[in-house]
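Working through the structure, step by step
These are the residues of each chain, in order.
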Amino acid sequence: MKKAASHLPGREYERRSCADIRFFSTYHACPPLENLVFPILSEVTLFNLSFMRTCFFIGRREPPDSLLPILDAEVERHITEHGVTDFVVGRYGRFDALAAKCVKAAKKRHPELTLLLRLPYHPYDRPTPTPTGFDGTFYPPGMETVPKRAAIIRANRYMVEHSDYLIAYVRHSGNAQDLVEYAKKYEKQDRIKITILP
């Protein structure tokens, strides 16, 4: 692990070195955090991501229990066949919780994996400590001016635009289906591979 100076006063974060970095994000806050006293933020780990072999998840909020073994097998396949090392998941629904559970289990077999929580809202407005079992949180750059009502959709699109793989579970029209349709445009350009769970 390589140490790097944090944008948070008196803090450091760690990032993994990567020989082939497709994207490297930086955390920006407005106003500058150096001029603020905001101790809650010191609990938040904001990762700089290198989207080398990254997988994102999208799915309807209430999947059945029977999906868990299918999702678990798909996570393992993405690790062993596609070389995915970085998984990013949201936190707004049971599908996200199942995805995180599968990756946490996979990390016991593959300790090199990274699991990050995607934040749709600026951590200055909504401080979010890193949940148990996660390696950090990630707030997509350039989201500061996005209206809150559109933040989740825009954050999800950002992940599609900067990930290699998408694992999706959709059954009807909605935000998950809309994101899959958005991702298909990138799949045609060979920029992402989509797996739709049965």
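Quick note: structure is the one above.
Below is a short write-up of the structure. Please read all numbers here as calculations on a predicted model, not as lab measurements. (Residues numbered from 1 in each chain as written. Predicted model: local features only at pLDDT ≥ 70, side-chain atom pairs only at ≥ 80, totals over all residues. Heavy atoms only, no water.)

1. Points about the overall build of the chain
The secondary structure content of the chain amounts to four helices and eight strands. Each helix (α) and strand (β) of the chain, taken in turn from the N terminus, gives the series β-β-β-α-β-α-β-β-α-β-α-β. Counting all 198 residues of the chain, 45% fall into the buried class. Considering only contacts within the chain whose residues lie at least 6 apart along the sequence, 70% involve residues at least 24 apart. As displayed, the chain offers around 10,300 Å² of accessible surface, 51% of which is attributable to carbon and sulfur atoms. (Helix = DSSP H or I, 4+ residues; strand = E, 2+ residues; numbered from the N terminus. Buried < 20%, exposed > 50% of the residue type's maximum accessible area, 1.4 Å probe, protein only. Contact = heavy atoms within 4.5 Å. Areas by Shrake-Rupley, 256 points an atom, 1.4 Å probe, with all protein chains shown as cover.)

2. Regarding the sheet that holds strand 3 (residues 54-59)
Here we have six strands laid out as an open sheet, ordered 6-5-4-3-7-8, and parallel in their pairing. The open sheet has two edge strands, strand 6 (136-138) and strand 8 (193-196), and neither has a second partner. Direction aside, neighbouring strands of the sheet carry axes that sit 25° apart on average. The strands that helix 1 (residues 67-80) touches are strand 3, strand 4 (86-89), strand 7 (165-169) and strand 8; relative to strand 7, the one it contacts most, it runs at about 170°. (Pairing = 2+ DSSP bridges. Axes fitted to C-alpha atoms, helices over the stretch in contact; angles between N-to-C directions.)

3. A look at the pairing of strand 3
Within strand 3, six of the six residues are buried, which leaves it mostly tucked inside the rest of the structure. Judged by which residues are buried, strand 3 turns out to be covered on both faces: Thr54, Phe56 and Ile58 on one side and Cys55, Phe57 and Gly59 on the other are all buried. Both strand 3 and strand 7 contribute to a ladder of five bridges, which runs parallel. Looking at the pairing, Phe57 lines up with Ile167 of strand 7.

4. Topic: the pattern of salt bridges
With the rule as written, the count across this model stands at nine salt bridges. Among the ionic pairs, Glu81 bridges to Arg77, the shortest N-O distance being 3.4 Å. Across the salt bridge formed by Arg154 and Glu161, the nearest N and O atoms sit 3.4 Å from each other. Connected through salt bridges with shared partners, the residues Glu74, Arg77 and Glu81 form a single ionic network. (Salt bridge = Lys/Arg side-chain N within 4 Å of Asp/Glu carboxyl O.)

5. Overview of helix 3 (residues 151-162)
The end-to-end C-alpha separation of helix 3 is 16 Å, in line with the 16 Å expected for 12 residues at 1.5 Å each. What helix 3 keeps buried is the set Ala151, Ala155, Asn156, Tyr158, Met159, Val160, Glu161 and His162. Tucked inside the fold, the buried residues of helix 3 contact strand 3, strand 4, strand 5 (114-118), strand 6 and helix 4 (175-188). (Expected span 1.5 Å × (residues − 1).)

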